[in-house]
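# Observations on chain architecture
Letter by letter, the chains look like this.
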Amino acid sequence: MTDKIKIVKYGGRLNPIYEEIGEIELMKITIRSFSENEEDEEFCIDINDLMDWVNRK
């Protein structure tokens with residue numbers, strides 16, 4: 001199963017609704033080198049995935 005994070009657009013105070021405009025794959029990886037502790041894993045978004053998504057919009 002691949003987790004994804006939703007990209008939303010806020011409608012503002014007059015229309016306080018978040019409109020979904022896309023999603024990007026969300027990963028849980030170890031950021032630090034040589035760490036074997038599972039607690040060191042963090043949720044991340046790859047910058048290339050983010051830039052590709054922005055360039056398509």
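So, how was this worked out
Residues numbered from 1 in each chain as written. Predicted model: local features only at pLDDT ≥ 70, side-chain atom pairs only at ≥ 80, totals over all residues. Heavy atoms only, no water. Patch = residues over 30% accessible without salt bridge, like charges linked within 9 Å, V, L, I, M, F, W, Y side chains within 5 Å. Areas by Shrake-Rupley, 256 points an atom, 1.4 Å probe, with all protein chains shown as cover. Salt bridge = Lys/Arg side-chain N within 4 Å of Asp/Glu carboxyl O. Helix = DSSP H or I, 4+ residues; strand = E, 2+ residues; numbered from the N terminus. Buried < 20%, exposed > 50% of the residue type's maximum accessible area, 1.4 Å probe, protein only. Pairing = 2+ DSSP bridges. Axes fitted to C-alpha atoms, helices over the stretch in contact; angles between N-to-C directions.

Residues I5, I45, I47, L50, M51 and V54 make up a contiguous nonpolar surface patch of about 470 Å² in total accessible area. A per-element tally of the nonpolar patch places helix α1 (residues 47–56) first, with four residues. Here L50 is to be found in helix α1.

In total, this model carries two salt bridges according to the counting rule given. Salt-bridge contacts for K6 lead to E20; the nearest nitrogen and oxygen are separated by 3.6 Å. Residue K6 is located in strand β1 (residues 3–10), and its partner E20 is located in strand β2 (residues 18–30); the two are separated by 14 residues in the primary sequence. Residue K6 is classed as partly exposed on the basis of its relative accessible area, which comes to 48%. Judged by relative accessible area, which is 46%, E20 ranks as partly exposed. One salt-bridge network, in which partners are shared between bridges, spans K6, E20 and E23.

Before going further, it helps to examine the sheet that holds β2. Reading across the sheet, the three strands line up as β1-β2-β3 and stay open at both edges, with antiparallel pairing between neighbours. The open sheet terminates on both sides in strands that have one partner only, identified here as β1 and β3 (41–44). Across the sheet, the mean angle separating the axes of adjacent strands is 30 degrees when strand polarity is ignored. Direction of pairing for β2 relative to β3: antiparallel, over a ladder of four bridges. Bridging across to β3, K28 finds its partner in F43.

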